[in-house]
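Remarks on the overall topology
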Amino acid sequence: MPEPETSKNAAPAHDVHPHAATLKRLVESSGSLAAQAIARMDETLPWYRAMPPENRSWIGLVAQAGIAAFTEWFRHPDAPQAISTDVFGTAPRELTRAITLRQTVEMVRTTIEVMESAIDEVAAPGDERVLREALLVYAREIAFATAQVYAQAAEARGAWDARLESLVVNAVLSGEADEGAVSRAAALGWNSPEHVCVVLGTAPDGDSELTVEAIRRAARHAKLQVLTGVLGDRLVVIAGGSDNPLAVAKSLIGPYAAGPVVAGPVVPDLLAATRSAQAAAAGLKAGSAWQDAPRPVLADDLLPERAIAGDPSAREQLVEEIYRPLEEAGAALLETLSVYLEQASSLEGAARMLFVHPNTVRYRLRRVTDVTGWSPSDVRSAFTLRIALILGRLVDGDLQP
């Protein structure tokens, strides 16, 4: 008996899909399944209904691509599949910013639920269990793909944000802060707090990203806004939200390496933060001259060391905030303070030199404290007052014709 002829175009037996009827039904129903998934999203997901039409359209394409990718995966279950590319490659990168990870999970779950509910209808008789198991495996793979897409987007955003933050911090530290820096800071979530100060210290060895993250945790705990970065060997923090720079520095001091940590004065906004940064930088440079300085320390508490180290703003501040007010308060205060300091802070010695009663000296010294905020009887304050007197006299000498 002759064998039946075989068509030249017929597929070899080993190429026939073991579940060809189910695969055919799946291909034919993919369009209606995508439409059902989109309708289910519109019915059950309020955020989807509230989205602009363009984003809803992209989500629809993602749902269609997901069902198409499952069909192809069911066709070749052993072939390696780049699911993230197949599914999420249809949507623009901006969609990961417009749609949160939680919303994407809800979208994927809704699509899988629609496909799962249609298994009995789509699968050929006897293939229900096979299709259901395939869908379960595919759902696991699509979950991993979703996590990968958002992890990659988060890494890209994190790297970009770090570069942006570094630009802002460097602009403030270098005195080049402008409206562009303010705009970049706003893009990072900086909402222009009223009180801003800069804290400087030595950065620890190791991963700078871990240091920056430690600063952020400390800032969240202290309810502060921060822009931070490691520039060279310095850890720089621009902090907003408190009018107490010493308290700010204390709350953030943990991640700093050993050595001085200096807090600049409070300024009104980010544009003025350069002044705080320059004072903190000058204080950090001169900090080693005050061996017993507290940690952290205010830049203003290092005014005499900064002045000796050549900081012009510190010199000006000492003259304008100490020498000039004493000069305006009357020659007696300047003379009494000068003699008191020269007499090794002796009330009796100063009284003899001035030919006045010790109580008069005591009264005038209290006036010095009231006028300047620095007490002549305190060793540290006396040192600051002495430097201010020297600088004031030098300035007045330069002004003499």
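What you are looking at is a predicted structure, and each value in this text was computed from that prediction instead of being measured.

**As for the sheet that holds strand 4 (residues 261-263)**
Strands sit in the order 2-3-1-4-5 across an open sheet of five strands; the sheet is mixed. Where the open sheet ends on each side, the last strands, each with one partner, are strand 2 (225-231) and strand 5 (297-298). Where strand 1 (residues 196-202) lies against strand 4, three bridges are found, and the strand directions are antiparallel. Bridge pairing in strand 4 places G201 opposite V261. With respect to the sheet, helix 11 (residues 245-252) is in contact with strand 1, strand 2, strand 3 (234-240), strand 4 and strand 5, its orientation differing from that of strand 1 by roughly 45°.

**What to know about the pattern of salt bridges**
Summed over the entire model, instances satisfying the criterion amount to 11 salt bridges. Across the pair R129 and E133 runs a salt bridge, and its minimum N-O distance is 3.0 Å. A residue pair is termed a helical-turn pair when its members lie 3 or 4 positions apart in one helix, as R129 and E133 do in helix 8 (residues 128-174) at four residues. The residue R306 makes a salt bridge to D311 at a minimum N-O spacing of 2.9 Å. For the pair R306 and D311, a shared accessibility class is recorded, and that class is buried. Connected through shared salt-bridge partners, D300, R306 and D311 make up one network.

**What about the pairing of strand 2?**
The buried fraction of strand 2 is high, at five of seven residues. Sheet topology note: the strand 2/strand 3 ladder contains seven bridges and is antiparallel. Paired with V226 across the two strands is A239, which belongs to strand 3. Between strand 2 and strand 3, which pair antiparallel and follow one another directly, the connecting turn spans two residues, one of which, G232, has a positive phi of 65°.

**Digging into the packing of helix 15 (residues 331-342) against helix 16 (residues 347-354)**
Running from N to C, helix 15 and helix 16 cross one another at 125°; their axes reach a closest spacing of 8 Å. Taken together, helix 15 and helix 16 sit at an angle that is classed as oblique. The handedness of the crossing between helix 15 and helix 16 comes out as right-handed. From helix 15, E335, T336, V339 and Y340 reach across to helix 16, where they touch L347, A350, M353 and L354. Its residues assigned to classes, the contact of helix 15 with helix 16 comprises six nonpolar, one polar and one charged.

**Some words on empty space enclosed by the protein**
Vacant regions in the atomic arrangement are exposed by a probe of water-molecule size rolled over the atoms. All told, the structure shown has two cavities of 30 Å³ or more when counted by the stated rule. Counted as a void, the second largest cavity has a volume near 50 Å³. In this structure, the second largest cavity is lined by L26, L33, F70, M115, A118, I119, V122, L131 and L135. The set of elements that each furnish at least two residues to the lining of the second largest cavity consists of helix 1 (20-44), helix 7 (119-122) and helix 8. Tallied by class, residues from the lining of the second largest cavity come to nine nonpolar, no polar and no charged.

**Remarks on the packing of aromatic side chains**
Under the definition given, this model contains three aromatic pairs. Ring centres 6.4 Å apart and planes at 85° place the aromatic pair W47 and Y48 in the edge-to-face group. Owing to a relative accessible area of 4%, Y48 belongs among the buried residues under this scheme. Look at F70 and F74: their rings are 6.3 Å apart centre to centre, the planes differ by 40°, and that puts the pair in the tilted class. Of the two residues, F70 and F74 are both situated in helix 3 (residues 53-75); the distance of four residues between them amounts to about one turn of the helix. The two residues F70 and F74 agree in class, both being buried. Put simply, the rings of F70, F74 and Y138 touch in pairs and so form one group of aromatic residues. Seen from the ring of W290, R380 lies directly overhead, with NZ or CZ sitting 3.5 Å from the centre.

**Quick notes on the nonpolar core**
Counting 33 residues, the largest nonpolar core has M41, W47, I59, F70, M107, L131 and Y138 as its most contacted members. Residue contributions to this core peak at eight residues, all from helix 3. Apart from the residues within four sequence positions on either side, I59 is in contact with M41, W47, Y48, M51, I99 and M107. Ranked by size, the runner-up nonpolar core spans 28 residues in total, among them I322, V339, V361 and A382.

What counts, and at which threshold
Residues numbered from 1 in each chain as written. Predicted model: local features only at pLDDT ≥ 70, side-chain atom pairs only at ≥ 80, totals over all residues. Heavy atoms only, no water. Pairing = 2+ DSSP bridges. Helix = DSSP H or I, 4+ residues; strand = E, 2+ residues; numbered from the N terminus. Contact = heavy atoms within 4.5 Å. Axes fitted to C-alpha atoms, helices over the stretch in contact; angles between N-to-C directions. Salt bridge = Lys/Arg side-chain N within 4 Å of Asp/Glu carboxyl O. Buried < 20%, exposed > 50% of the residue type's maximum accessible area, 1.4 Å probe, protein only. Parallel < 35°, antiparallel > 145°, perpendicular 65-115°, else oblique. Left-handed = near helix turned anticlockwise from the far one by under 90°. Nonpolar A, V, L, I, M, F, W, Y, C, P; charged D, E, K, R; others polar. 1 Å grid on protein atoms, 1.4 Å probe; cavity = no way out; pocket = protein on both sides within 12 Å on 5 of 7 lines; lining within 4 Å. Points joined across faces, edges and corners; volume = space filled by probe spheres on them. Phe/Tyr/Trp six-rings, centres within 6.5 Å; stacked < 30°, edge-to-face > 60°. Lys NZ or Arg CZ within 6 Å of the ring centre and 35° of its normal. Core = buried A, V, L, I, M, F, W, Y, C linked by side-chain atoms within 4.5 Å.

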